[in-house]
Amino acid sequence: MIIEEQVILIRINQGYYDNISKEKLYEVTRGIWKINPQRASDVKYAFALFKGIIKEVYQVNQWHKAGTLKYLHRDSSSFADSNRWEFEGRIANREIRSKYIGESLKDYFSKGSQNPIKYVNC
């Protein structure tokens, strides 16, 4: 699988489970992350990955310091002043989602890599 767009890959292995709601999946994916804000400003899409498989694709509208945005399913009180970030976005359009959801991106991460974040084309 070759990714052509400017993307941030986010491994959500600890927060994902079968039948997760759309809202919870979005919250788990959008924050909170140690990222390079300058590099992330080029990101157009965020891919939610579970065990290397794309579960959802979000269009990233803007990055915010962690704790800025409201969470419905997480306690965000400890997020502020954490030097972490979260994005505001929405589910990507059908064309981009159908291109990527369900695809494996296991080859994009080095074996043994612990970092849940990977930039592609940024």
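Here is a short report on the structure shown in this document. (Residues numbered from 1 in each chain as written. Predicted model: local features only at pLDDT ≥ 70, side-chain atom pairs only at ≥ 80, totals over all residues. Heavy atoms only, no water.)

What follows deals with the sheet that holds strand β6 (residues 117-120). The six strands lie next to each other as β2-β5-β4-β3-β1-β6, forming an open sheet whose pairing is mixed. The open sheet terminates on both sides in strands that have one partner only, identified here as β2 (31-33) and β6. Neighbour-to-neighbour, the strand axes of this sheet turn through a mean angle of 40 degrees, independent of strand direction. Bridge count for strand β1 (residues 7-11) against strand β3 (residues 45-50) is five bridges, and the pairing is parallel. Bridge pairing links I8 to A46 in β3. (Pairing = 2+ DSSP bridges. Helix = DSSP H or I, 4+ residues; strand = E, 2+ residues; numbered from the N terminus. Axes fitted to C-alpha atoms, helices over the stretch in contact; angles between N-to-C directions.)

Looking now at the pairing of β1. Among the five residues of β1, five are classified as buried, and the element is accordingly described as predominantly covered. Side chains V7, L9 and R11 project from β1 onto one buried face, and the interleaved I8 and I10 project onto a second face that is buried too. Two strands pair when backbone bridges link them, and β1 and β6 are joined in this way by four bridges, in the antiparallel orientation. Across the sheet, V7 pairs through a bridge with V120, a residue of β6. (Buried < 20%, exposed > 50% of the residue type's maximum accessible area, 1.4 Å probe, protein only.)

Under the counting rule described, the total for this entry stands at three salt bridges. The closest approach of N and O atoms between K99 and E4, which form a salt bridge, is 3.1 Å. Of the two residues, K99 is situated in helix α3 (residues 94-100) and E4 in the segment before β1; the sequence distance between them amounts to 95 residues. K99 serves as the salt-bridge partner of E5, at 3.1 Å between the closest nitrogen and oxygen. You can see E5 sitting in the segment before β1 and its partner K99 sitting in helix α3, a full 94 residues away along the chain. Three or more residues joined by partner-sharing salt bridges are found here, namely E4, E5 and K99. (Salt bridge = Lys/Arg side-chain N within 4 Å of Asp/Glu carboxyl O.)

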